[in-house]
Structure formats: structure tokens, C-alpha cells
Amino acid sequence: MTTMWLVLGVAALVMIGTVGWVAWRDRARAVGAENGAAGQEAQSRQHRYEVERHTSQGGTIYGGQPW
């Protein structure tokens, strides 16, 4: 019975330590102003790419036919 409680205690300590380490690691990754600007830049690049792709595919599909 003592062995079972010892194993459960060790498992609980490992679990608590893991949760604490992950929380500490994620806190170190605080979002800064640079990350926000980079995200906006990436989003605008993606939007421009999608618009260009849509435009080029429209020309391919209709093949220069009048609308």
C-alpha cells in the first residue's frame, strides 16, 4: 500500500512540475509589438497573394472572352 502511495505521489509531482514548466515557458513568450506588426504584414501579404491569384485565374478561365 505504501508503494502505491509513493508511486502516486511521484506521478503527481511530475505532473505538477510539467504544468509549472509549461506555464513558465509560455509566459516567457509574451506577445510584443514586433509580433503584432509581423502578423499584420503576413496577413496583408497573404491577402495580396490571394487577390493576384484570383485575378490570374479569372483570366485563365474566361480566356479573354467578354463578360
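Coordinates for the structure precede this section.
Here is what the cut-offs are and how they apply
Residues numbered from 1 in each chain as written. Predicted model: local features only at pLDDT ≥ 70, side-chain atom pairs only at ≥ 80, totals over all residues. Heavy atoms only, no water. Helix = DSSP H or I, 4+ residues; strand = E, 2+ residues; numbered from the N terminus. Buried < 20%, exposed > 50% of the residue type's maximum accessible area, 1.4 Å probe, protein only. Areas by Shrake-Rupley, 256 points an atom, 1.4 Å probe, with all protein chains shown as cover. Salt bridge = Lys/Arg side-chain N within 4 Å of Asp/Glu carboxyl O. Patch = residues over 30% accessible without salt bridge, like charges linked within 9 Å, V, L, I, M, F, W, Y side chains within 5 Å.

Observations regarding the overall build of the protein
So, point 1. Of the regular secondary structure elements, the protein holds 2 helices and 0 strands.
So, point 2. Counting all 67 residues of the protein, 0% fall into the buried class.
So, point 3. If you sum the accessible surface of the protein, you get close to 6,500 Å²; carbon and sulfur atoms cover 64% of it.

Focus on the pattern of salt bridges
So, point 1. Per the stated rule, a full pass over the model turns up 2 salt bridges.
So, point 2. Between Arg45 and Glu41 there is a salt bridge, and its shortest N-O distance comes to 3.2 Å. In this pair, Arg45 and Glu41 both sit in helix H2 (residues 33-62), 4 residues apart, roughly one turn of the helix.
So, point 3. On the basis of relative accessibility, which here comes to 52%, the residue Arg45 falls in the exposed class.
So, point 4. For Glu41, a relative accessible area of 36% translates into the label partly exposed.
So, point 5. Arg48 is paired through a salt bridge with Glu41; the nearest N and O atoms lie 4.0 Å apart.
So, point 6. Each of Glu41, Arg45 and Arg48 takes part in salt bridges that share partners, so that together they form one network.

What to know about the environment of Ser44
So, point 1. Within the fold, Ser44 resides in helix H2.
So, point 2. Take Ser44: its relative accessible area is 27%, and that puts it in the partly exposed class.

Notes on a nonpolar patch on the surface
So, point 1. Residues Met1, Met4, Trp5 and Leu8 make up a contiguous nonpolar surface patch of about 500 Å² in total accessible area.
So, point 2. Considering the arrangement of structural elements, one finds Met4 in helix H1 (residues 2-28).

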